[in-house]
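# Architecture at a glance
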Amino acid sequence: MAHEHNQEEDRYITLVDENGDEQLFEILFTFDSDEFERSYVFFYPVGANEEEEDEIDILTYAYIPTEDGGFGELMEIETDEEWDMVEEVFNTFNEEQED
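### Observations concerning the packing of aromatic side chains
The full count for this structure, using the stated rule, is 9 aromatic pairs. Between the aromatic rings of Phe29 and Phe42, the centroid separation amounts to 4.4 Å while the plane-to-plane angle is 15°, which identifies the pairing as stacked. With Phe29 in strand 3 (residues 22-33) and Phe42 in strand 4 (residues 38-45), this residue pair connects regions lying 13 residues apart in the sequence. With centroids separated by 4.2 Å and ring planes inclined at 20°, the aromatic side chains of Phe29 and Phe93 adopt a geometry described as stacked.

Below you can see the structure in the form of structure tokens.
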């Protein structure tokens, strides 16, 4: 998936879909996994937390950081083992936010 990362504002990422349409997302958090030797980013559409919906769609992708600290190419998570690890990290993040 194509994306742009603005180094000046590390809280946002822009994704470009197959039609060339851009959508701005706010980064929730990132983390690194030694086990899978990749980094991960969680993000959601800008303005989603302002809507009255109970649930926000959070997207998660893996990436290998670039030398300048960018995200490089976003990669889909494909294995169940990797998804289990990502879900565990996300659940821990949620629990910490609730405390």
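Read on for the rest.
### Overview of helix 1 (residues 80-98)
Between its terminal C-alpha atoms helix 1 stretches 27 Å, which fits the 27 Å expected from 19 residues at 1.5 Å a residue. Contacts from the buried residues of helix 1 go to strand 3, strand 4 and strand 5 (59-63).

### Observations concerning the layout of surface pockets
The volume enclosed by the largest pocket comes to roughly 160 Å³. In terms of residue count, the dominant contributor to the lining of the largest pocket is helix 1 (3 residues).

### With respect to unusual backbone geometry
A positive phi angle, near 55°, is found at Glu37, a position not held by glycine. Within the fold, Glu37 resides in the loop between strand 3 and strand 4.

### Focus: the side chain of Glu82
Following the sequence through the fold, Glu82 ends up in helix 1. In this structure the side chain of Glu82 is engaged in a polar contact, spanning 2.4 Å, whose partner is the side chain of Tyr40. What Glu82 contacts, discounting residues up to four positions off in sequence, is Phe36, Arg38, Tyr40, Ala62 and Ile77.

Conventions and cut-offs
Residues numbered from 1 in each chain as written. Predicted model: local features only at pLDDT ≥ 70, side-chain atom pairs only at ≥ 80, totals over all residues. Heavy atoms only, no water. Phe/Tyr/Trp six-rings, centres within 6.5 Å; stacked < 30°, edge-to-face > 60°. Helix = DSSP H or I, 4+ residues; strand = E, 2+ residues; numbered from the N terminus. Expected span 1.5 Å × (residues − 1). Contact = heavy atoms within 4.5 Å. 1 Å grid on protein atoms, 1.4 Å probe; cavity = no way out; pocket = protein on both sides within 12 Å on 5 of 7 lines; lining within 4 Å. Points joined across faces, edges and corners; volume = space filled by probe spheres on them. Polar contact = N/O pair within 3.5 Å; in protein donor to acceptor, adjacent residues only side chain to side chain.

Any functional reading would require information beyond the geometric quantities listed.
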